[in-house]
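# Structural characterization, general
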Amino acid sequence: MGIIINNKKDTFHLCNQEISYIMTVLPNGQMGQLYFGKRIRDREDFSYLLETIGRPMASCVFDTDKAYSMEHIKQEYGVFGATDYRMPAAEVIQENGNRVSEFCFRDYRVEPGKPKLPGLPATYTEKEDEAETLVIGLEDERAGLRLELMYTVFAKGGIIARSARFLNRGEQNLRLTTAMSLCLDLPDSGYDWIQFSGAWARERQPKVRRLEQGIQSVGSLRGHSSHNHNPFLILKRPPADGSQGEAVGFSLVYSGNFLAQAEVDTYDTTRILMGIHPHGFEWKLEPGGEFQTPEAVIVYTDRGLNHLSQTFHRLYRKRLARGYWRDRERPILINNWEATYFDFTEDKLLEIAEKARECGVELFVLDDGWFGRRSSEHSGLGDWIANSERLPDGIAGLAQRMEDMGMKFGLWFEPEMVNPDSDLYRAHPDWILSAPGYRRSHGRYQYVLDFSRREVVDHIFGMMEKILSGAKVSYVKWDMNRSITECYSAALPADRQGEVYHRYILGVYDLYEKLTERFPHVLFESCASGGGRFDPGMLYYAPQAWTSDDTDAVERVKIQYGTSYCYPISSMGSHVSIAPNHQLNRSTPLRTRANTAYFGTFGYELNLNLLSEGEQAQVKEQVCFMKKYRRLIQFGTFYRLQSPFDGNTAAWMVVSGDRREALVGWYRTLVGVNMPYTRLRLQGLDPGLEYHVEVQGSYVEGPSVHEAAAGMHYGDELMYLGLITTDGSSGENEGLQSCDFDSRIYILKANDR
Ligand code: GLA
């Protein structure tokens, strides 16, 4: 790894064994992008890559040069208005109304490791030799504005982390109306664009289309990253697929409004922009003021989409997530939400917990409804004091009872919200985001607290701190159940209202930081009506997130499959719930619900007392299975094998670091009669090792699949000719062997020799 600087040519070459990222100071002083991709050797002069060709109708920078137009030059941080016509990375309005800027190279510095981004989540290093950071200093002299572009190259993996910082060194007030984290100009447009979109209960489903001339983008203006579009994007070079080919992933470490965009011009070059959504954003930079953008992470691979995902997984698991729980196996939990909703008493909770404990579950999570006068969605949010009618001895009493029973105890909060029917709102009606004189739109009968205000964040911290320090709480589920509307803060002046969305998120990060610092052993799980804020920003504080409110196994396979393109398995909250399912009314076998939920943090979301004895016995086995394999699942190498978006079956697998152990999850939506032959090619095994394959499947009894797949197979057989998954089920007289929504787990263990 290293940063090679050619002072004669003003060229910077960031590289490790996998990638090269090369940029240069352009003749007009701005920064030009020369190359990003597979590692190439360094050379004295890369200037031939500039490709300045005189083109008709071009607007040009220099009187003497008809070929030098910023419109045709690939840049590091393009600005609009001085011969570049593409959407810009930054826009600054000066006091005289001018919007033209010109950021010219001034200096650079190289730092070992990676500096922190103040107030923001970001990837980090533990040792200095894990990464190196280049900070390029640019200046717009007329505006008195310094711009620092920060690039970190990691020693391992095709990873570049980027961000930008603006420093007002002049004497005028500046208005920053666009400040992207990342601008990357690529020399062609030969890519498929993959975005991860959906809605509540069907989050992060991959949508693929060819990159075309014009602008394509996804983003959020909801105040949170959203169920609708994830701040993650892949450009894939056809015919790349799961196991081979080139792809670039772009991920924004941020939880608020974002934009991820590709602009393909009519010369087929592509500009990627990623950062805070410019709509409604405006940051006032007073003399001496600074603005730091969130971080964007770029990953390049020439080894297919699984390798791309694995690079993100490793980085986000080890160098974005932090704290006590980062490397620890996650507790198997039971959550009472779908078991009781708001209808519970302490005795009922204890009854649910007792059965779960008997089945081996380790942690009981008390969800919504334990505080204030919260008996429905209409009241109580903001009053983080235990409801003494339901919990006579408060949270401390209940938590102690759980501990006495041998269960850890966890608690739900929705810190950013308030119901109008609450003591908090009655005391501080001006603490919510609302536009003066306008309607106050609600979501789920609640308002959004103005987290851009320090006193609001401090007040909520005080209440949560009291509960968490007064009781044995080991886990917190931090929920967020509505998007922001009427985004206006009563505490900020008119010329700072464009800052509210971002200041709000900074307030959320601030509260997370305070709480995780104060309670370092508490496991935090983030949630936003399921997966409405499943983003890298949250993972910095909470190493796991509730993936979706949809707990139906068939839907969950899709959601978890889509989520896995960027996010590690250890981050995906996944539970077994009751059948028929509460979101879809679909009944799936208990084993399929577990076989899906294993590939995450695992837990239950139902009252186990309501299951039959046979089902309870199954639950015990499931918990044992998960305890045995959770290290492999949560910290192994994950491969997607067959997409649920492409057909009737889906499959994925995890492989241990030493490749001696693996688990394969296989899922089928509908069963058929007399079905075709099928094989599943595995990945990541050692071709020379002999593996014992055991099937935990659907068959009550019967031939075929178990016999063909089970037994001893070499890694090369399993990867190159495949695992036989043919299903002879549902013939005329075979009896009931398989069914709709069936699934299997294959357990692979290398033979000891
Ligand atoms: C959200 C969460 C659920 C549950 C409810 C409680 O919808 O996603 O898991 O916590 O809130 O109100």
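Residues numbered from 1 in each chain as written. Predicted model: local features only at pLDDT ≥ 70, side-chain atom pairs only at ≥ 80, totals over all residues. Heavy atoms only, no water.

## Observations regarding the sheet that holds strand 1 (residues 2-6)
Overall, antiparallel pairing links the four strands, which are arranged 1-2-3-4 in an open sheet. Every interior strand has two partners, whereas the edge strands, strand 1 and strand 4 (31-38), have only one. Here the average twist between neighbouring strands, direction ignored, is 15 degrees. Pairing analysis gives five bridges linking strand 2 (residues 11-15) to strand 3 (residues 19-25), with the strands arranged antiparallel. Along strand 3, the bridge assignment pairs T11 with T24. (Pairing = 2+ DSSP bridges. Helix = DSSP H or I, 4+ residues; strand = E, 2+ residues; numbered from the N terminus. Axes fitted to C-alpha atoms, helices over the stretch in contact; angles between N-to-C directions.)

## Section: the pairing of strand 26 (residues 475-478)
The two faces of strand 26 match: Y475 and K477 on one face and V476 and W478 on the other face are all buried. Bridge analysis of strand 23 (residues 408-413) against strand 26 gives four bridges, and the strand direction is parallel. Within strand 26, the residue paired with W412 across the bridge is K477. Where strand 26 meets strand 27 (residues 523-526), four bridges bridge the pair, whose relative direction is parallel. Its bridge partner lying in strand 27, W478 is registered against S526. (Buried < 20%, exposed > 50% of the residue type's maximum accessible area, 1.4 Å probe, protein only.)

## Topic: the domain arrangement of the protein chain
One can read the domain layout of the protein chain as domain 1 (2-53 + 60-319), domain 2 (333-527 + 575-627) and domain 3 (641-750). Taken over C-alpha atoms, the centre of domain 2 sits 38 Å from the centre of domain 3. At the junction of the two partners, domain 2 supplies eleven residues and domain 3 supplies 17 residues. A combined buried area of about 1000 Å² lies between domain 2 and domain 3, and 66% of that area is made up of carbon and sulfur atoms. Contact with domain 3 buries surface across domain 2, with R591, F599 and F625 losing the most and accounting together for 53% of the total. Applying the counting criterion to the domain 2 and domain 3 interface returns one salt bridge. Notably, a salt bridge pairs D742 with R591, separated by 3.1 Å at the nearest N-O pair. Ranked by the residues each element gives to the side of domain 2 that touches domain 3, the list is headed by helix 10 (residues 590-597), at four residues. (Domains from an automatic or database assignment. Contact = heavy atoms within 4.5 Å. Buried area = accessible area lost by both parts, 1.4 Å probe. Salt bridge = Lys/Arg side-chain N within 4 Å of Asp/Glu carboxyl O.)

## A closer look at helix 10
Among the eight residues in helix 10, seven count as buried, and that is most of the element. Against the buried residues of helix 10 lie helix 9 (553-563), strand 30 (575-577), helix 11 (613-635), strand 33 (649-655), strand 34 (661-668) and strand 39 (742-750).

## Quick word on the side chain of S656
Relative to the helices and strands, S656 is located in the loop between strand 33 and strand 34. Since its relative accessible area comes to 13%, S656 is described here as buried. Polar side-chain contacts of S656 include one of 2.6 Å to the side chain of D658. A polar atom in the side chain of S656 sits 3.3 Å from the backbone nitrogen of R660. Once you skip the residues sitting within four places of it in the chain, S656 turns out to touch L632 and E661. (Polar contact = N/O pair within 3.5 Å; in protein donor to acceptor, adjacent residues only side chain to side chain.)

## Comments concerning the site of the ligand
Taken together, 13 residues form the shell around the ligand, and within it D367, D368, R444, K477 and D549 come nearest. Between the ligand and the protein, one listed contact pairs an oxygen atom with a side-chain N or O atom of D479 at 2.9 Å. At 3.5 Å, a side-chain N or O of W546 approaches an oxygen atom of the ligand. Considered on its own, the ligand offers 310 Å² of accessible surface; in the complex 96% of this is hidden by protein. Partitioned by chemical class, the residues of the shell around the ligand number four nonpolar, three polar and six charged. (Near = heavy atom within 4 Å. Areas by Shrake-Rupley, 256 points an atom, 1.4 Å probe, with all protein chains shown as cover. Nonpolar A, V, L, I, M, F, W, Y, C, P; charged D, E, K, R; others polar.)

## So, the sheet that holds strand 39
Judged by pairing direction, the sheet is antiparallel, and its six strands sit side by side in the order 32-33-34-39-36-37 without closing on themselves. Each end of this open sheet is capped by a strand with a single partner; those strands are strand 32 (637-642) and strand 37 (711-714). Between one strand axis and the next, the sheet turns by 25 degrees as a mean value, whatever way the strands run. Note that strand 33 and strand 34 share seven bridges and pair antiparallel.

## Quick look at the packing of aromatic side chains
For the structure shown, the criterion picks out 43 aromatic pairs. Relative to F166, the ring of F103 has its centre 6.3 Å away and its plane inclined at 70 degrees; by these criteria the two rings are edge-to-face. Of this pair, F103 sits in the loop between strand 5 (90-93) and strand 6 (104-112) while F166 sits in strand 9 (residues 159-168); the two residues are 63 residues apart in sequence, bridging distant segments of the chain. By relative accessible area, which is 4% here, F103 ends up buried. For F166, a relative accessible area of 0% translates into the label buried. These aromatic residues form a ring-pair network of at least three members: F196, F232, F312, Y316, Y561, Y565, F599, F638, F645, W652 and Y667. Its end group placed over the ring of Y191, R237 keeps NZ or CZ at 4.2 Å from the ring centre. Seen from the ring of W666, R744 lies directly overhead, with NZ or CZ sitting 3.8 Å from the centre. (Phe/Tyr/Trp six-rings, centres within 6.5 Å; stacked < 30°, edge-to-face > 60°. Lys NZ or Arg CZ within 6 Å of the ring centre and 35° of its normal.)

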